Amino acid sequence: MCMGNTSDNSQILQRQQQQQAQVDTGMEQLNRIFQGGMVGVNPLTSSAVMDPSKSYYDALGNNVTGDQAQNLFSQGQLFQGQQQQQGFTPDFYKNRENAYLNYANPQVYQQYGQQLGGLTKNLNNAGLQHSSVAQQGQSSLLQELNKQLQGQANTAIGQSQDLQRNVGNERATLTSQLQQSANPAQTSVGALQAASQFSAPPLLQPLGNLFQNWGSLYGANNLQQNYNNLMSNKNQNYSLLNVPQTEFAGLGQNGIFSSGRGY
Amino acid sequence: MVYLAQGGDTNMGLLLPLIALAGTAAGTGLSMAGNAQSARAMNNTANDELIRQQEFSKKGGQIYQQNLNQNVGVGNAQEQMGQGANHASALYQALQNAQTGGNSSGLTALNPQTQAQLQGRTGQSNDASSALQGYNSWQTQQGLGNQLAGTKLGVNTTQSQADAANLPFLLQGAGRAGESLQGLGSLFSTIGMGAGLLKGLNGLGQTANAPRIDPGVSGYQNDFSDLTSNPYGFPRTFSQFRAIH
């Protein structure tokens, strides 16, 4: 009777320790999936039959044989393959930033080129291509370009940080699942699926008209004001004030300078 | 039983009380030993659980301290903000250095003064923006660090609770550890009680007015003595019984 009770207690403790060991193994497996390292993949289902001629692995990608393999199989913790996980390293997030910038920057430069073309044409039409107005317009456009590039960089960093938070949330969710199931094999499948989803490129929309504000404000008003100032300084009677605004409204329509009055 | 009791000799009369006394004493002693064994086993079980809980607590403390060391405090915040700001600043620089100038458009290149103004304004904007990005980065890293520490603490707590939940079952099992001695003690106690009962019965037969069982006395009648006849031919006395068998 005494021996039986001792055995009962031993079994309770053994089960408890086994479950804790499974959770610890699962935590290490999640660490390796999320931070990089070798893990076992393709868990052998309980309905499958072990093939002695094949190689099997534990949750951490270690090769196992014999009784150890059989024991892991009975617990549903035997894997048919091993895989080196890259993990969500700083390089991973940096690559995501670069991926976004590679997507966004061509659009920024395309729009910048259109604005520059419009500005050049407008200044040439006004005969101001070598003037201080041209310097100011060009400088203003470059400043706007820098501002847009900075904005895109911030967007890229923000997306990277969002991704880090999503990865963290997913890891917390999987850890919670691991505790509830105490089944590293099942959790591992979920983690690998999550990792592949995070690695996929996001669906992005076109950036829209980034230089619209600059085109409408600087193009319609500032250039005109600068030109007027220049003319008044020269005590000449030209003025663009009589030019209908619709002539310049076209400048801001698409953020691109259309033809001016030909001054 | 009556036959044994009436063995009649003095030896048995002394033996029964001794057996009763010894059995009771042994039974009591074994029961006490069994209880002590159960108590020791339960104490050991409780102590083992306490040690395991202390280990869980120690592990939880280490996780917490690690998070404090890596994620909390002005020093860590400044380091994380600095890293975030440097990263953003480097990214701005890389992008802006790659920009195309106005020369290819047919416009005159920016004069040094305008270029310096442009660079000054852009630099100020970059510095301010990268500093703000540093705060964002710190917030993100802080959140991620706390989340990871919380997750680890959650796992530790769950394991601790699961372990503690087994304690009642373990104590129940430990409480039965002395059952074998207690059972043996009960057996001895029963023997002692049985012997005492026998002695009592024997003593009852030796009271002054009670009919005494004495096969050597001729013509002694048993409790059937009120019967005037023995219609069924059953032996009435022990002598008759012995004579038949």
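Residues numbered from 1 in each chain as written. Chains lettered and ligands numbered in written order. Predicted model: local features only at pLDDT ≥ 70, side-chain atom pairs only at ≥ 80, totals over all residues. Heavy atoms only, no water.

Q: Explanation requested: the interface of chain A and chain B in the structure shown.
A: Interfaces are often sized by the amount of accessible area the parts lose when they come together. Taken together, the contact between chain A and chain B spans 45 residues of the former and 54 residues of the latter. Buried surface at the junction of chain A and chain B, summed over both partners, amounts to about 4,300 Å²; 53% is from carbon and sulfur atoms. Remark: the boundary between chain A and chain B carries one salt bridge. Here D24(A) makes a salt bridge to K59(B), at a shortest N to O gap of 4.0 Å. Here chain A is connected to chain B by 22 residue pairs in polar contact (both at pLDDT 80 or more). When residues of the side of chain A that touches chain B are traced back to their parent elements, those giving at least two are α1 (2-35), α3 (90-125) and α4 (132-181) of chain A. Broken down by element, the residue count for the side of chain A that touches chain B peaks at 21 residues, all from α4(A). Tallied by class, the residues present in the side of chain A that touches chain B amount to 18 nonpolar, 21 polar and six charged. (Contact = heavy atoms within 4.5 Å. Buried area = accessible area lost by both parts, 1.4 Å probe. Salt bridge = Lys/Arg side-chain N within 4 Å of Asp/Glu carboxyl O. Polar contact = N/O pair within 3.5 Å; in protein donor to acceptor, adjacent residues only side chain to side chain. Helix = DSSP H or I, 4+ residues; strand = E, 2+ residues; numbered from the N terminus. Nonpolar A, V, L, I, M, F, W, Y, C, P; charged D, E, K, R; others polar.)

Q: Explain the pattern of salt bridges here, please?
A: Any two side chains of opposite charge can pair, given that their charged atoms come close. All names here are of chain B. One pass over the structure, following the stated rule, counts five salt bridges over all chains. Linking R52 and E49 is a salt bridge whose minimum nitrogen-to-oxygen distance equals 2.6 Å. Of this pair, R52 and E49 both sit in helix α2 (residues 10-71), three residues apart, which is roughly one turn of that helix. Taken individually, R52 and E49 each receive the classification buried, so the pair is uniform in this respect. (Buried < 20%, exposed > 50% of the residue type's maximum accessible area, 1.4 Å probe, protein only.)

Q: What should I look at first to understand the environment of A153(A) in this one?
A: Structurally, A153(A) is set in helix α4. Accessibility expressed as a relative area gives 0% for A153(A), which makes it buried.

Q: In this structure, what is going on with the packing of aromatic side chains? I would like to understand it.
A: One pair of aromatic rings is described through two measures. These are the centre distance and the angle between the planes. All names here are of chain A. For the structure on display, the rule yields five aromatic pairs over all chains. Centre to centre, the rings of F88 and F92 are 5.0 Å apart; their planes meet at 85 degrees, and the pair counts as edge-to-face. Given the relative accessible area of 16%, F92 is considered buried. Plain terms: the ring middles of F92 and Y93 are 5.4 Å apart, the flat faces sit at 80 degrees to each other, and that makes the pair edge-to-face. Of the aromatic side chains, those joined through ring pairs into one cluster are F34, F88, F92 and Y93. (Phe/Tyr/Trp six-rings, centres within 6.5 Å; stacked < 30°, edge-to-face > 60°.)

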